[in-house]
Amino acid sequence: MKTVRSSDGTTIAYDQWGEGPPLIHVGGALNDRSTGAGLAQLLAPRFTVLSYDRRGRGGSGDTAPYAVERELEDLAALIDTAGGPAFVYGLSSGGALALEAAAQGLPIAKLAVYEVPFAGDESRQQRAREYHAKLTELLAADRRGDAVEAFMTMVGMPAEMIGQARRSPMWPALEALGPSLGHDSAVMGDGTRGAAPPTERLAAITVPTLVIDGSASPPWMREMARRVAGMVPGARHRSLEGQTHDANPAVLAPALEEFFAG
């Protein structure tokens, strides 16, 4: 594990693999730096890959009060420590953070995002607002397990599977990540725009961008990927055959390598 200090003094932990142009992996909800390890190892022959603990996770600090701007500063610090303009790959809500970073002009050479779960209609936007309100209440009461359950319910996990997760050995690690769900909700705009895609912000992106989905993912998620690609000037859209929201690194890595190295 390595660390870098963000602008507000928060320590950000990361792992690093390989040699070549820097590529930073931005994880999504309930992800820590270990989530990107398998993908990083496949990309390491061509890139210097950094997978990091977003603030509030793993080895990283979490200076209060939280603001999305602080997460952008964290990413800027990683880009700087990696040696300058970097390729950035963002997964799910991490993709929303990466898109905002590009819109704000961080030194990103190319950007790829996978299935950013923006809400495409009023019904989903209302659900996002309700989830944000419930999550805020649970986290204020330090009910971390219930916060994780609320997230799992919101993304459509059946109650039986949630119960199995609660009884599994991985549950304490998920509970530890519970407070960071508030960060993801803020990044997605759940409590403000109801997770609707930030059309004006996406239109401000000028770097080459690839928006990816999996052909086996829910239709609404695939449609949103196409819509996001249409909102980012010059962006490309690609669908990975047979993949879901949890894409196989062995399938994802070649698509990313082709884009970033091309």
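Residues numbered from 1 in each chain as written. Predicted model: local features only at pLDDT ≥ 70, side-chain atom pairs only at ≥ 80, totals over all residues. Heavy atoms only, no water.

Attention now goes to the layout of surface pockets. Here the largest pocket defines a volume of roughly 1,200 Å³. Taken together, 42 residues make up the lining of the largest pocket; nearest its centre are Ala-29, Ser-92, Phe-151, Val-155 and His-245. Of all the secondary structure elements, the ones that give two or more residues to the lining of the largest pocket are strand S5 (86-91), helix H4 (122-140), helix H5 (144-154), helix H8 (180-188), helix H10 (219-231) and helix H11 (249-261). Tallied by class, the residues present in the lining of the largest pocket amount to 26 nonpolar, eleven polar and five charged. Along the wall of the second largest pocket there are 14 residues; nearest its centre are Val-68, Ala-96, Glu-100, Val-187 and Arg-193. With four residues, helix H3 (residues 93-103) is the single largest residue contributor to the lining of the second largest pocket. Residues belonging to the lining of the second largest pocket are distributed by class as follows: nine nonpolar, one polar and four charged. (1 Å grid on protein atoms, 1.4 Å probe; cavity = no way out; pocket = protein on both sides within 12 Å on 5 of 7 lines; lining within 4 Å. Points joined across faces, edges and corners; volume = space filled by probe spheres on them. Helix = DSSP H or I, 4+ residues; strand = E, 2+ residues; numbered from the N terminus. Nonpolar A, V, L, I, M, F, W, Y, C, P; charged D, E, K, R; others polar.)

Here we come to the pattern of salt bridges. Tallied over the entire structure, the rule returns 18 salt bridges. Among the ionic pairs, Arg-33 bridges to Asp-15, the shortest N-O distance being 3.0 Å. Residue Arg-33 is found in the loop between strand S3 (22-26) and helix H1 (37-43), and its partner Asp-15 is found in strand S2 (residues 11-17); the two are separated by 18 residues along the sequence. Per residue, the accessibility class of Arg-33 equals that of Asp-15, and both read buried. Several salt bridges share partner residues, and in doing so they unite Arg-54, Arg-57, Glu-71 and Asp-184 into one network. (Salt bridge = Lys/Arg side-chain N within 4 Å of Asp/Glu carboxyl O. Buried < 20%, exposed > 50% of the residue type's maximum accessible area, 1.4 Å probe, protein only.)

Here we take up the packing of helix H2 (residues 68-82) against H3. Helix-helix packing is characterised by the crossing angle of the two axes and by the distance between the axes. Two elements in contact, H2 and H3, have axes separated by 10 Å at closest approach and are oriented at 80°. Here H3 runs roughly perpendicular to H2, going by the angle between their axes. Counting all contacts with H2, which are made through Val-68, Glu-71, Leu-72 and Leu-75, the residues of H3 involved are Leu-97, Glu-100 and Ala-101. Residue classes in the contact of H2 with H3 are distributed as five nonpolar, no polar and two charged. (Axes fitted to C-alpha atoms, helices over the stretch in contact; angles between N-to-C directions. Parallel < 35°, antiparallel > 145°, perpendicular 65-115°, else oblique. Contact = heavy atoms within 4.5 Å.)

For H2, with 15 residues, the first-to-last C-alpha span of 21 Å sits near the 21 Å given by 1.5 Å per residue. Where H2 is concerned, the buried positions are Glu-71, Leu-72, Asp-74, Leu-75, Ala-77, Leu-78 and Ile-79. Following H2 by one or two positions, Gly-83 adopts a phi angle in the positive range, close to 110°. (Expected span 1.5 Å × (residues − 1).)

With that out of the way, let us pick up the pairing of S2. Across the seven residues of S2, five count as buried, placing the element largely inside the fold. In this structure, strand S1 (residues 2-5) lies alongside S2, joined through four bridges in antiparallel fashion. Looking at S2, one finds that Thr-3 is bridged to Ala-13. Pairing geometry for S2 and strand S4 (residues 48-52), over four bridges, is antiparallel. Opposite Gln-16, over in S4, you have Leu-50 as the bridge partner. (Pairing = 2+ DSSP bridges.)

Let us look at the packing of aromatic side chains. Two numbers describe a pair of aromatic rings. These are the distance of the centres and the angle of the planes. Applying the stated rule across the entire model yields four aromatic pairs. Each ring, one from Phe-47 and one from Phe-87, has its centre 5.9 Å from the other, and the planes form 85°; the classification is edge-to-face. Note that Phe-47 is positioned in the loop between H1 and S4 and Phe-87 in strand S5, a separation of 40 residues in sequence. The pair Phe-47 / Phe-87 is uniform in exposure class, with both members buried. Summarising the aromatic geometry, the rings of Phe-87 and Phe-260 are spaced 4.9 Å apart at their centres and angled 20° between planes, so their arrangement reads as stacked. Taken as a pair, Phe-87 in strand S5 and Phe-260 in helix H11 lie far apart in primary sequence, 173 residues in all. Judged by its relative accessible area of 3%, Phe-260 is buried. An aromatic cluster of three or more residues is present, and its members are Phe-47, Phe-87, Phe-259 and Phe-260. A cation over an aromatic ring shows up here: Lys-110 above the ring of Phe-259, its NZ or CZ 5.2 Å from the ring centre. (Phe/Tyr/Trp six-rings, centres within 6.5 Å; stacked < 30°, edge-to-face > 60°. Lys NZ or Arg CZ within 6 Å of the ring centre and 35° of its normal.)

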